[in-house]
Amino acid sequence: MLGLLAGSVAQGSSGTKPHHKHHHRHHHHARLPAKFFGINPNPGLPSAAAFARMRAGGIRSFRTPVYWRGINRAPGVFSWTSLDLTIRRAVMAGVDVLPFVYSTPYYVNNKDERTMPVGSASQEKAWTDFLRVLIGRYGPHGTFWALNPTVRYAPIRYWQLWNEMNLDSFTKPISPAGYGRLLKISRATMKKADPGSKIVIGGLFGEPYQPKLHGDMNDITFMKRLYRVKGVKSSFDAYALHPYGATVSVMKRQIINTRALMKRSGDATTPLWIDEFGWGSGHDRSLPSSRGPQGQKKQLTLAYRLLKKNRARWRIGRTYWFSWDDDPTTSCAICKGSGLFTYAGKPKPAWYAFVKQTGGRR
């Protein structure tokens, strides 16, 4: 759903015994993966102060789009200003970045940015060349780190490829076989550029709201067909799911069904990332996930309790709430009220519930 527009670090004093309450809270979350709590942005780049507040609130990863179409408008021509600023602000605040790469430039495919670049050898080369350039800029030996010596060294190793490949709004045509091809050619290129790089599949929308209207495909159908692509299981390191729905019980059902499919497909040990989920604070009755301010807070609390309780059993590596703040200007219905903060930057009840779950500070 993301992109339909298309912290300070606590320091302990030497020799000082931590406060009992703080110590207990830290211990309670110590078993969770380091980047378990993540966030998605709405359109626009958060300020440095917003990133600092994310870090203080317990957020350790920021998922952001990398719009190939916007960065690479012509062969060999790149515009890094916005992405550089995003990464600089995030890592300076102590928040790492998970990029998802999406949107085919018109010089590669003049039909539609949603069309995956696997229609010809020249399209595939343009895609893999771009991945190579990305790793060359933000990977372990990236030029970004050399150009920004005062920025905390946090090379990007996890790369998410595409987004919601089972929805017409992001992918046209919807093609599990085509996406399998994209994963395989990406893997070969990325491993050569950075042997330690990891691929996360583009997050799949669990249960599309109006599948017959656009020809959308639920994630189970999509993945059944993707798993039939020879060698595809070795082409990604984490599965990603967007289990949106009216209630946490709907979310739970989607996760259980996805995990069952992964097990049946011989992929039981692959981590599952919930890289988009959330509820809105609006009162739009036509939108299942629009629950009002207190309803948003309630569903958030129940969701994180569920995810933390079942983290090991479901092998959940990371979670990314959608979203940081509201965007009333977008045509994306959930984006209007999905934030932990209002468009003006005012914290909602959901923000206070969120930091209670992370053990962070308001």
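Cut-off values and rules
- Here the residue numbers are simple positions, counted from 1 along each chain's written sequence.
- Only residues with pLDDT of 70 or above have their local features reported here, since the model is predicted, and side-chain atom pairs are shown and tallied only from 80 upward, although totals for entire chains, interfaces and linings are computed over all residues.
- Derived side-chain values reflect all non-hydrogen atoms in the structure, with water molecules and hydrogen atoms excluded from consideration.
- Every helix listed is a DSSP run of H or I at least four residues long, and every strand listed is a run of E at least two residues long, numbered separately from the N terminus.
- In this scheme, a residue with accessible area under 20% of its type's maximum is buried, one over 50% is exposed, and one in between is partly exposed, where area comes from a 1.4 Å probe on protein chains only.
- Cysteine sulfur atoms that come within 2.5 Å of each other are treated as a disulfide pair.
- Strands are treated as partners if at least two bridges between them are detected by DSSP.
- The span one expects for a helix is its residue count, reduced by one, times 1.5 Å.
- Where helices are involved, their axes are fitted lines through C-alpha atoms of the stretch in contact, as for all axes, and angles between N-to-C directions lie from 0 to 180°.
- For classification purposes, an angle smaller than 35 degrees is called roughly parallel, one larger than 145 roughly antiparallel, one from 65 to 115 roughly perpendicular, and anything else oblique.
- The handedness criterion is simple: a crossing whose near helix is rotated anticlockwise from the far helix by less than a right angle is left-handed, and one whose near helix is rotated clockwise is right-handed.
- By definition in these notes, contact holds between two residues if any of their heavy atoms fall within 4.5 Å.
- Three residue categories are used. Nonpolar comprises Ala, Val, Leu, Ile, Met, Phe, Trp, Tyr, Cys and Pro, charged comprises Asp, Glu, Lys and Arg, and polar comprises the others, including Gly.
- Joining through side-chain atoms within 4.5 Å is the link that ties buried Ala, Val, Leu, Ile, Met, Phe, Trp, Tyr and Cys residues into a set, and such a set is a nonpolar core.
- Salt bridges are defined as contacts in which a side-chain nitrogen from Lys or Arg sits within 4 Å of a carboxyl oxygen from Asp or Glu.

Here's the deal with unusual backbone geometry
No. 1: A cis amide bond, omega 0°, links Lys172 with the succeeding residue Pro173.
No. 2: Mapped onto the elements of the fold, Pro173 is located in the loop between strand 4 (158–161) and helix 7 (176–193).
No. 3: Positive phi is not limited to glycine here, since Glu164 has a value of about 45°.
No. 4: Along the chain, the position of Glu164 falls in the loop between strand 4 and helix 7.
No. 5: Of note in this structure, Arg315 is not a glycine but carries a positive phi near 55°.
No. 6: Here Arg315 is to be found in the loop between helix 12 (311–314) and strand 9 (316–322).
No. 7: Residue Arg315 is classed as partly exposed on the basis of its relative accessible area, which comes to 42%.

Some remarks on the state of the cysteines
No. 1: Summed over the entire model, instances satisfying the criterion amount to one disulfide.
No. 2: The disulfide partner of Cys332 is Cys335, and the gap between their sulfur atoms is 2.0 Å. Disulfide Cys332-Cys335: torsion about the S-S bond near 70°, hence right-handed.
No. 3: Given a relative accessible area of 3%, Cys335 falls into the buried group.

Focus: the environment of Ala121
No. 1: Here Ala121 is to be found in helix 5 (residues 121–138).
No. 2: On the basis of relative accessibility, which here comes to 63%, the residue Ala121 falls in the exposed class.
No. 3: For Ala121 and Arg315, which are 194 residues apart along the polypeptide, the C-alpha to C-alpha distance reads 37 Å.

As for the pairing of strand 5 (residues 198–201)
No. 1: Pairing of strand 4 with strand 5, which is carried by four bridges, proceeds in the parallel orientation. Counterpart to Tyr158 in the pairing with strand 5 is Lys198.

Some thoughts on helix 11 (residues 292–309)
No. 1: Between the first and last C-alpha of helix 11 there are 26 Å, a value that for 18 residues agrees with the 26 Å anticipated at 1.5 Å per step.
No. 2: Regarding helix 11, the residues found buried are Gly292, Gly295, Gln296, Gln299, Leu300, Thr301, Ala303, Tyr304, Leu306, Leu307 and Lys308.

Examining the packing of helix 7 against helix 9 (residues 219–227)
No. 1: Between helix 7 and helix 9, whose axes approach to 8 Å, the crossing angle comes to 55°. Between helix 7 and helix 9, the crossing angle belongs to the class labelled oblique. Between helix 7 and helix 9 lies a crossing whose hand is right-handed. Along the contact surface, helix 7 presents Pro176, Tyr179, Gly180 and Leu183, while helix 9 presents Phe222, Arg225 and Leu226.
No. 2: When the residues that make up the contact of helix 7 with helix 9 are grouped by side-chain class, the tally is five nonpolar, one polar and one charged.

Describing the nonpolar core
Taken as a class, soluble globular proteins show a tendency for nonpolar side chains to be buried jointly.
No. 1: Counting residues in each nonpolar core, the largest one holds 93 residues, and the members touching the most others are Leu134, Tyr179 and Met223.
No. 2: With seven residues, the single largest contributor to this core is helix 5.
No. 3: If we ignore the near neighbours within four places in the chain, the residues touching Leu134 are Val66, Trp80, Leu83, Val101, Gly139 and Trp159.
No. 4: Among the nonpolar cores identified, the runner-up in size contains eight residues, and Leu167, Phe322, Ile334 and Cys335 belong to it.

Quick word on the pattern of salt bridges
Side chains that differ in charge, positive against negative, can pair when their charged atoms come close.
No. 1: Throughout the structure, instances matching the rule amount to 16 salt bridges.
No. 2: Lys35 is paired through a salt bridge with Asp96; the nearest N and O atoms lie 3.4 Å apart. Highlighted residues: Lys35 in the loop between helix 1 (20–29) and strand 1 (37–40) and Asp96 in strand 3 (residues 96–102), separated in sequence by 61 residues.
No. 3: A residue is classified by how much of its surface remains accessible, and Asp96, at 18% relative accessible area, is buried.
No. 4: A salt bridge links Lys348 to Asp326, with the shortest nitrogen-to-oxygen separation between them at 2.8 Å.

Structural notes on the packing of helix 10 (residues 248–264) against helix 11
No. 1: Where helix 10 meets helix 11, the axes come as close as 9 Å, and the angle between the chain directions of the two elements is 30°. Our classification of the angle between helix 10 and helix 11 gives roughly parallel. Crossing of helix 10 over helix 11 shows right-handed handedness. Counting all contacts with helix 10, which are made through Val248, Met251, Lys252 and Ile255, the residues of helix 11 involved are Gln299, Leu302, Ala303, Leu306 and Leu307.

Everything listed is a geometric property; what it means functionally is a separate question.
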